[in-house]
Amino acid sequence: MGKKSKDELAKLDAEIEARHAQELQQFDAAAAAAAAPAAATAAGKQAAAPANGSAAAADKASKYLVDLDLGDEEGEEAGEQKGKASKYALDLDLGDEEGGESAASRRASKYLVDLDLGDEEREEGGDQKGKKTTKAQKRREKLAAKQAEREARIAAELEAAGPSAKDEEEAALKALLAPLGLGIKEIRADGHCLYRSLEEQLEATAAAAAAAEEEEQQQPGLLNYQELRELAAEHIRQHKEQFAPFLLPEDDSEDPEQHFEKYCFTLETTAAWGGHLELTALAAALQRQIKVHAVGMPTVTIGDEFAGEGKAPPLEVCYLRHAFGLGEHYNSTKKARFVRFSLAEDAEAGEEEAGDEQQQQQGEEDDGEAEEEEVAGQEAQ
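Residues numbered from 1 in each chain as written. Predicted model: local features only at pLDDT ≥ 70, side-chain atom pairs only at ≥ 80, totals over all residues. Heavy atoms only, no water.

### So, the overall build of the protein
Reasoning step 1: What the protein contains, in helices and strands, is 11 helices and 5 strands.
Reasoning step 2: Buried residues in the protein amount to 27% of all 381 residues.
Reasoning step 3: In the protein, 65% of the contacts between residues at least 6 apart in sequence involve partners at least 24 apart.
Reasoning step 4: Just so you have it, the protein exposes about 26,000 Å², and 52% of that area is on carbon and sulfur atoms. (Helix = DSSP H or I, 4+ residues; strand = E, 2+ residues; numbered from the N terminus. Buried < 20%, exposed > 50% of the residue type's maximum accessible area, 1.4 Å probe, protein only. Contact = heavy atoms within 4.5 Å. Areas by Shrake-Rupley, 256 points an atom, 1.4 Å probe, with all protein chains shown as cover.)

### Points about the nonpolar core
Reasoning step 1: Counting 28 residues, the largest nonpolar core has Leu198, Ile236, Leu279, Ile290, Val292 and Tyr330 as its most contacted members.
Reasoning step 2: Looking at this core, the elements with two or more residues in it are helix H6 (193–212), helix H7 (225–238), helix H9 (256–269), helix H10 (276–286), strand E2 (290–294) and strand E4 (315–324).
Reasoning step 3: One finds Ile184, Cys318, Leu320 and Ala323 within the second-largest nonpolar core, a separate group that totals 7 residues. (Core = buried A, V, L, I, M, F, W, Y, C linked by side-chain atoms within 4.5 Å.)

### Details of the pattern of salt bridges
Reasoning step 1: For the structure on display, the rule yields 6 salt bridges.
Reasoning step 2: Salt-bridge contacts for Glu261 lead to Arg237; the nearest nitrogen and oxygen are separated by 3.2 Å. Of this pair, Glu261 sits in helix H9 while Arg237 sits in helix H7, and the two are 24 residues apart along the sequence.
Reasoning step 3: Residue Glu261 is classed as partly exposed on the basis of its relative accessible area of 37%.
Reasoning step 4: When its relative accessible area of 25% is taken as the criterion, Arg237 is described as partly exposed.
Reasoning step 5: Glu257 is paired through a salt bridge with Lys240; the nearest N and O atoms lie 2.1 Å apart. Placement of the pair is Glu257 in helix H9 and Lys240 in helix H8 (residues 240–243), with a sequence separation of 17 residues. (Salt bridge = Lys/Arg side-chain N within 4 Å of Asp/Glu carboxyl O.)

### So, the packing of H7 against H9
Reasoning step 1: Close contact between H7 and H9 brings their axes to 8 Å; oriented N to C, the two are set at 165°. As summarised for this structure, H7 and H9 are arranged roughly antiparallel, according to the angle between their axes. The crossing of H7 and H9 is left-handed. Side by side, H7 and H9 meet where Gln226, Arg229, Glu230, Ala232, Ala233, Ile236 and Arg237 of the first sit next to Phe260, Glu261, Cys264, Phe265, Leu267 and Glu268 of the second.
Reasoning step 2: Among the residues forming the contact of H7 with H9, the class breakdown is 7 nonpolar, 1 polar and 5 charged. (Axes fitted to C-alpha atoms, helices over the stretch in contact; angles between N-to-C directions. Parallel < 35°, antiparallel > 145°, perpendicular 65-115°, else oblique. Left-handed = near helix turned anticlockwise from the far one by under 90°. Nonpolar A, V, L, I, M, F, W, Y, C, P; charged D, E, K, R; others polar.)

### Here we look at the confidence of the model for the protein
Reasoning step 1: For the protein, the mean per-residue pLDDT works out to 74, and 57% of the residues sit at or above 70.
Reasoning step 2: Scored below 50 in pLDDT, residues 64–78 shows 25 contacts in the model against residues more than four places distant or in partner chains.
Reasoning step 3: Here residues 339–345 is modelled with pLDDT under 50, and outside its nearest four sequence neighbours on either side it reaches 4 contacts, counting other chains as well. (pLDDT = per-residue confidence, 0-100.)

### Focus: the environment of Pro179
Reasoning step 1: Inspection of the secondary structure assignment puts Pro179 in the loop between helix H5 (165–177) and strand E1 (182–185).
Reasoning step 2: Judged by relative accessible area, Pro179 falls into the partly exposed class, the value being 49%.
Reasoning step 3: Considering only alpha carbons, one finds Pro179 and Ala336, 157 residues apart in sequence, at a separation of 9.7 Å.

Take a look at the structure:
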């Protein structure tokens with residue numbers, strides 16, 4: 001209870017005591033003026049009853065006001081109701097008749113009881129609402145904790161397993177291509193990766209040639225992956241004597257002619273993987289040298305007769321054994337922007353940069369000292 005409320009209650013008690021003393025004085029004066037002792041006795045009894053009723057009513061009002069917590073947390077509506085109850089208690093006329101005092105006391109008590117019930121209902125509703133919010137928050141926190149635990153467990157397992165075969169092969173391939181000024185150009189793994197890689201190389205080399213010749217339009221005649229499939233199948237059919245020995249059926253009961261035609265049909269109509277046989281056919285059909293870069297073996301070159309001065313640049317692709325779960329995969333290559341040739345050259349370049357920075361720092365210090373000397377000379381003058 002605040003200091004202000006305590007002062008109000010003390011003031012109220014003083015007023016009640018003053019009224020009570022005034023009434024007693026009035027009754028004493030009336031008794032002294034009475035002629036007959038019987039009348040005085042009757043008057044005293046009559047005055048005692050209102051005095052006792054007034055005292056009881058005052059005690060009840062004081063008790064409710066003391067119990068009223070005006071300093072607690074409350075809404076505006078609760079504050080208005082408490083103010084109204086206090087007004088009824090303060091307006092209680094202790095000098096009225098006993099019936100009037102009882103009615104005023106009952107009104108004050110009713111407002112105070114209703115106020116207490118309203119506070120309890122609001123507190124109960126707030127508790128229920130808080131519980132619902134707390135449960136939802138707890139569920140969200142629990143789910144977030146489980147997700148964080150799962151991610152941490154996966155990260156720990158990956159760290160414990162170390163780099164995968166795919167990561168190691170890709171890192172080694174990048175190191176292999178870097179001295180050649182090349183990088184890896186990712187190609188979609190959909191069964192057409194070999195033909196998509198060659199398609200990308202045809203576009204890249206044509207664009208480079210057009211840029212070198214300052215031509216605005218791209219060179220015509222470029223083939224997409226499906227057209228490259230059809231070109232390879234047609235070249236194999238036309239040079240059957242060259243490719244047929246490599247396309248014999250595994251089952252001796254199968255007709256070699258039917259097997260050969262089935263192979264060509266599958267090549268041009270499905271997403272069957274391609275390999276060295278198809279690269280050989282396409283190098284000859286396109287009259288372009290094809291280079292295949294792979295980790296753990298020398299670079300494979302096909303169609304060397306189509307390379308040389310005045311001829312189109314080679315088509316360079318890279319082969320990976322562990323790119324995906326299914327195994328082999330072909331990617332294209334691209335021109336790298338920066339190439340590091342050796343660790344020794346990198347160290348030498350680093351030393352040169354450090355020396356330049358040291359010289360620059362020394363020059364700044366010399367300039368600072370010269371400025372300080374100039375300022376000191378001006379002050380001395």
